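Structural description and commentary
The chain contents come next:
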Amino acid sequence: VFHGRILAQRLVGQETRYEVQVKARYRQRFPLVSREFLWVPNTCGCPALSPGGEFLLMARRHVNHEHTLNRILLQDGGYARPWTPREARLVREAARHC
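Residues numbered from 1 in each chain as written. Predicted model: local features only at pLDDT ≥ 70, side-chain atom pairs only at ≥ 80, totals over all residues. Heavy atoms only, no water.

Remarks on the pattern of salt bridges
Under the definition given, this model contains four salt bridges. For Glu 19, the salt bridge identified is with Arg 35, shortest N-O distance 3.4 Å. One end of the pair, Glu 19, is in strand 2 (residues 15–25); the other, Arg 35, is in strand 3 (residues 35–40), and 16 residues separate them in sequence. Using a relative accessible area of 24% as the deciding quantity, one classes Glu 19 as partly exposed. With its nearest N and O atoms 3.7 Å apart, the salt bridge here joins Glu 54 to Lys 23. Taken together, the residues span a long stretch of sequence, with Glu 54 in strand 4 (residues 54–58) and Lys 23 in strand 2 at a distance of 31 residues. Judged by relative accessible area, which is 41%, Lys 23 ranks as partly exposed. (Salt bridge = Lys/Arg side-chain N within 4 Å of Asp/Glu carboxyl O. Helix = DSSP H or I, 4+ residues; strand = E, 2+ residues; numbered from the N terminus. Buried < 20%, exposed > 50% of the residue type's maximum accessible area, 1.4 Å probe, protein only.)

Quick look at the structure:
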């Protein structure tokens, strides 16, 4: 779970790749650097992550069986909400309890 600012969006085959500035990390099971690529397995713009917008995102690390692919994936129906100070406070509180 992290707070990110969308810097760019690019269609790559049947997927969408977002360049994201990681602004805050709330709960992480894998390390994040200050800039990451976030992949969405569709090209429809779902969820709608507009460049310049800030979002609270829950993604997972996806590594294929051959270990040749290692990326951050926001699954269909994944958690992506516009970032607000209230949302950030709620996530910080939840992270302390989980």
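Resuming the write-up.
Section: the packing of aromatic side chains
One pass over the full model with this rule turns up zero aromatic pairs. One Lys or Arg, Arg 17, reaches over the ring of Phe 37 and ends 4.1 Å from the middle of that ring. Of note, Arg 71 hangs over the ring of Trp 39, and the distance from its end group to the ring centre comes to 4.8 Å. (Phe/Tyr/Trp six-rings, centres within 6.5 Å; stacked < 30°, edge-to-face > 60°. Lys NZ or Arg CZ within 6 Å of the ring centre and 35° of its normal.)

Function-wise, these values are silent; they only describe arrangement.
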